Amino acid sequence: MVGLNDALAAITPRVTTPLASIGAFRALGSMVVDLGTLFPTSEPFLGIEEAPWVAALNDNARGLATLFEPQNDLARFFREIRIPRWDIPNWQDILRRWRPDNLHEVPDLSAVATVALEEGIPLSWVPRPEIVAALIEVDGPEARLKIISERRDDILDDCEARLDAIAHEWAEQCSEAVRALRLGLIGPAQSHAANIVDSIVLSRLGKRGRAAATRRASEELGEQILQRAAEYLTLLPIKRAQTHWWPHAGAAPPNYFSRHATAHAVGNRGVFTPQSATIAVMFATSLAVQFMARRAAAK
């Protein structure tokens, strides 16, 4: 994007392909602004130092925004430039491919990432947009857990709709966890979903997948290529879910969804709850969609 004007000016005399729509520039600007939202420059994202190119991206986004004013002479000039199609691809389509479709209309991806990382609530692919909006708008973890309790049936409907479109054993097992939770079998639903999460992480990230996924959840997202951004956004809840807890440690088990507590703290009150079971099912579903449905769509 550096020197975009010079590059366009240089190729203009040599190309004769169809006129580029000003929409292409709007889409490019939208993508850059969106990335700036996910990787903010005003302060380190979740305590992580920003990538050096983030500020440059935001500067370019602000510069591109000036091109989109109808009265702007430069915008009219760009409407007339003939450029090769491969120079300005459909950035909006690219953006929609990597961004979970339930987050297409969510303006604040940093809030989504914060809730996913700090509270372990999965928001990629499920639930539906209106529930995502409610979860990131309310104040505090308790209010979010209340929404998850009140909207559990809708959330499970969203999970089932996603899973029905995936022809894979992971999806079938996720559906079994959904059915168990609908029947009020909190422990079996939570345990099964936790095992699915573990299996998907190990399968996709290797035998040290748990540690790799936890590490990835805290990496500087700005250093990753655009197409992998959704994967990292989907993996963010793993950090909280993988909080270590062992019976011999003498500490009370976590009072939120934790794979360790689910596996090793059976018999302790507060480990198996409707909210934790719902979060476990949501997480298993979002991982199945991310790593199976998205992979199939890319073929």
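Residues numbered from 1 in each chain as written. Predicted model: local features only at pLDDT ≥ 70, side-chain atom pairs only at ≥ 80, totals over all residues. Heavy atoms only, no water.

1. Considering the packing of helix H10 (residues 169–182) against helix H11 (residues 186–205)
What describes two packed helices is the angle between their axes and the distance between those same axes.
Now for step 1: Axis separation between H10 and H11 bottoms out at 8 Å; the angle between their running directions is 160°. Comparing their axes, H11 and H10 come out roughly antiparallel. Note on packing geometry: the crossing formed by H10 with H11 is left-handed. Listed contacts from H11 to Trp170, Gln173, Cys174, Glu176, Ala177, Ala180 and Leu181 of H10 are Ile186, Ala189, His192, Ala193, Ile196, Ser199, Ile200, Ser203 and Arg204.
Now for step 2: Taken together, the residues of the contact of H10 with H11 sort by class into 10 nonpolar, four polar and two charged. (Axes fitted to C-alpha atoms, helices over the stretch in contact; angles between N-to-C directions. Helix = DSSP H or I, 4+ residues; strand = E, 2+ residues; numbered from the N terminus. Parallel < 35°, antiparallel > 145°, perpendicular 65-115°, else oblique. Left-handed = near helix turned anticlockwise from the far one by under 90°. Contact = heavy atoms within 4.5 Å. Nonpolar A, V, L, I, M, F, W, Y, C, P; charged D, E, K, R; others polar.)

2. Thoughts on the layout of surface pockets
Now for step 1: Of the pockets and cavities examined, the second largest pocket occupies roughly 260 Å³.
Now for step 2: Lining the second largest pocket are 16 residues, and of these Leu145, Arg240, Asn255, Tyr256 and Phe257 sit closest to its centre.
Now for step 3: Counting only elements with at least two residues in the lining of the second largest pocket, the list comes to helix H8 (141–150), helix H14 (238–241) and helix H16 (274–298).
Now for step 4: The element best represented in the lining of the second largest pocket is H16, accounting for three residues.
Now for step 5: A breakdown of the residues in the lining of the second largest pocket according to their chemical character gives eight nonpolar, six polar and two charged. (1 Å grid on protein atoms, 1.4 Å probe; cavity = no way out; pocket = protein on both sides within 12 Å on 5 of 7 lines; lining within 4 Å. Points joined across faces, edges and corners; volume = space filled by probe spheres on them.)

3. Re the packing of aromatic side chains
Now for step 1: Counted according to the given criterion, the structure contains zero aromatic pairs.
Now for step 2: We note Arg240 situated over the ring of Tyr256; from NZ or CZ to the ring centre the distance is 3.6 Å. (Phe/Tyr/Trp six-rings, centres within 6.5 Å; stacked < 30°, edge-to-face > 60°. Lys NZ or Arg CZ within 6 Å of the ring centre and 35° of its normal.)

4. Observations regarding the pattern of salt bridges
Now for step 1: Evaluation of the coordinates by the stated rule reveals 11 salt bridges.
Now for step 2: Here Arg151 and Asp154 are joined by a salt bridge, their closest N and O atoms 2.8 Å apart.
Now for step 3: By relative accessible area, which is 22% here, Arg151 ends up partly exposed.
Now for step 4: The salt bridge involving Arg179 is made with Glu176; its shortest N-O contact spans 3.6 Å. Here the residue Arg179 and the residue Glu176 both occupy positions in helix H10, the gap between them amounting to three residues, near one helical turn.
Now for step 5: Judged by its relative accessible area of 39%, Arg179 is partly exposed. (Salt bridge = Lys/Arg side-chain N within 4 Å of Asp/Glu carboxyl O. Buried < 20%, exposed > 50% of the residue type's maximum accessible area, 1.4 Å probe, protein only.)

5. Considerations on the confidence of the model for the chain
Now for step 1: Averaged over all residues, the pLDDT of the chain is 75; the fraction at 70 or higher stands at 59%.
Now for step 2: Scored below 50 in pLDDT, residues 1–22 shows 37 contacts in the model against residues more than four places distant or in partner chains. (pLDDT = per-residue confidence, 0-100.)

6. Comments concerning the side chain of Thr285
Now for step 1: With respect to the helices and strands, Thr285 occurs in helix H16.
Now for step 2: For Thr285, a relative accessible area of 0% gives the class buried.
Now for step 3: Beyond its immediate stretch of four places on either side in the chain, Thr285 contacts Val126, Cys159, Arg162, Leu163 and Cys174.

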